[in-house]
Amino acid sequence: APAPAPALSSVTAASVLVWSPVAEASRVLCVEPVSIAALDSLLATLALPLLSVQAAATVMLLRALAADRVPRGLVESTKTAFASLTAAAPDRSRALFFWILLLHAAKTATNQQLLTEIAKAQSDLFADFAELVFQAIPQNASNEALSAGLDAALLTSHVDFGQENADGRIAQIALYAYWTTLAQIASLARAWWQDSCPPKLTHRINNLHPRLVSPLLIAREFAAIESCRTKPAGLVVQTRPGPREIAASFQVDEVTMDVVILLSEIYPFGVISVSGTSDVLSTKQLNWSLKMQTFLMCQNGSIMSALQTWTQNISKHFEGADQCVVCYAVMHATTRQLPDKRCRTCRNPFHAACLYRWFSTSGQSSCPMCRNLF
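The present account deals with the structure reproduced in this document.

Cut-off values and rules
Residues numbered from 1 in each chain as written. Predicted model: local features only at pLDDT ≥ 70, side-chain atom pairs only at ≥ 80, totals over all residues. Heavy atoms only, no water. Helix = DSSP H or I, 4+ residues; strand = E, 2+ residues; numbered from the N terminus. Buried < 20%, exposed > 50% of the residue type's maximum accessible area, 1.4 Å probe, protein only. Contact = heavy atoms within 4.5 Å. Areas by Shrake-Rupley, 256 points an atom, 1.4 Å probe, with all protein chains shown as cover. Phe/Tyr/Trp six-rings, centres within 6.5 Å; stacked < 30°, edge-to-face > 60°. Salt bridge = Lys/Arg side-chain N within 4 Å of Asp/Glu carboxyl O. Expected span 1.5 Å × (residues − 1). Axes fitted to C-alpha atoms, helices over the stretch in contact; angles between N-to-C directions. Parallel < 35°, antiparallel > 145°, perpendicular 65-115°, else oblique. Left-handed = near helix turned anticlockwise from the far one by under 90°. Nonpolar A, V, L, I, M, F, W, Y, C, P; charged D, E, K, R; others polar.

Quick word on the overall build of the protein chain
Right, on to step 1. A tally of regular secondary structure across the protein chain gives 13 helices and 6 strands.
Right, on to step 2. A total of 374 residues make up the protein chain; the buried ones form 46% of that total.
Right, on to step 3. The contacts of the protein chain with a sequence gap of at least 6 include a subset with a gap of at least 24, amounting to 61%.
Right, on to step 4. Looking at the protein chain as shown, the accessible area adds up to about 17,400 Å², and 54% of this sits on carbon and sulfur atoms.

Here's what the structure looks like:
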């Protein structure tokens, strides 16, 4: 049976009448398999103007999402919540809860069409979401007032989501939704920050990130590096929290490669600097360092994933594998595949993903190098 819903100590007598749909849904969730219709009914309870009921419904829906049970109306309901957003507290909390559900669905869903719909909704709504977050978090809010929002277990820790201090709770929910978004879809957030972030939000980011958001995200990255049990042989990584640096050294065939990654104080925004040195392969190391920087700035992968790809490129180079003449890497940063496609004319090697991107963007089916039909 699922764990009990968050405490409802401040729900008034009148509120108990609207709690019944959530209670009924809770009983339904104890039965397997859970019907999607039941989850859609539970999704509808997020329209109720009570923070405690919205929080309880969200917790139960998160349990269903963990089992890849996604309500049919999740994407459309999220769009509707943002389209009908007002300054009223229930509207703001509802939109934030829907966004959190969308994030979790993106992590657990296996249906490719649904994942595509979720990604499009996140892209379309991100600017509205960022605006909502910084409206919900007061400019003068102290670290102590917001600290609960940094807890990954905020929605399952049985905090009181009653109506008292609703604005304070919504600020914590907004901070929770914000940092979990940056941890999961950083590339989308960076694109928004670089291309369309309004100056007033840039100022808020420069204030909020160094004191709360960036230290948390950097600490999570450092913890993932230190706890990783699949580090390649020959790779030594040091984390330096003070200067926000990761120093890595990789030795293969008596050749040592070094790289230092410097994170911005408003990470994941700002510039991620990658500098590398090598005993002998200075040009190759420069290419690999640039590829790592591109990976960190444009993809959602972790820093540890970038380091693993870096070591794989070096290892494959010493094994004699060819590098792709489009991206200049042996191992593709996303697909982790070798360049196994060759032009029949010039015999240059390509990653399948790089070729697909070339064909899609150029509108041609010719070789990127010799321009003969591929």
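Additional details are given in the paragraphs that follow.
Quick notes on the packing of aromatic side chains
Right, on to step 1. For the structure shown, the criterion picks out 12 aromatic pairs.
Right, on to step 2. Between F134 and Y178, the aromatic rings sit 5.3 Å apart at their centres with planes inclined by 75 degrees, giving edge-to-face as the arrangement. Of the two residues, F134 is situated in helix α6 (residues 112–136) and Y178 in helix α8 (residues 166–184); the sequence distance between them amounts to 44 residues.
Right, on to step 3. Residue Y178 is classed as buried on the basis of its relative accessible area of 1%.
Right, on to step 4. Linked through ring pairs, F82, W99, F126, F129, W192, W193 and F269 together constitute an aromatic cluster.

Structural notes on the pattern of salt bridges
Right, on to step 1. Taken as a whole and judged by the stated rule, the model has 8 salt bridges.
Right, on to step 2. One salt bridge in this structure joins K79 and E76, with 3.4 Å as the shortest N-O distance. With K79 and E76 both in helix α4 (residues 74–83) and 3 residues apart, this pair spans about one turn of that helix.
Right, on to step 3. Using a relative accessible area of 34% as the deciding quantity, one classes K79 as partly exposed.

Considerations on helix α3 (residues 51–66)
Side chains of residues three or four places apart in an α-helix project in the same direction, reflecting 3.6 residues per turn.
Right, on to step 1. Counted at 1.5 Å a residue, the expected span for α3 with its 16 residues is 22 Å, and the 22 Å between its end C-alpha atoms agrees.
Right, on to step 2. By the criterion of burial, α3 is predominantly enclosed, with 14 of the 16 residues buried.
Right, on to step 3. Of the residues flanking the end of α3, it is D68, one or two places downstream, whose phi is positive at about 60 degrees.

A short note on the packing of α4 against α6
Right, on to step 1. Across the interface, α4 lies against α6 with an axial gap of 10 Å and an inter-helix angle of 15 degrees. If you check the angle between α4 and α6, you find them roughly parallel. Of the two possible hands of crossing, α4 and α6 adopt the one that is left-handed. Touching V75, T78, K79 and F82 of α4 are L114, E117, I118, A121, L125, D128, F129 and L132, all from α6.
Right, on to step 2. The residue makeup of the contact of α4 with α6, split by class, is 8 nonpolar, 1 polar and 3 charged.

Coordinates in, geometry out; function isn't part of it.
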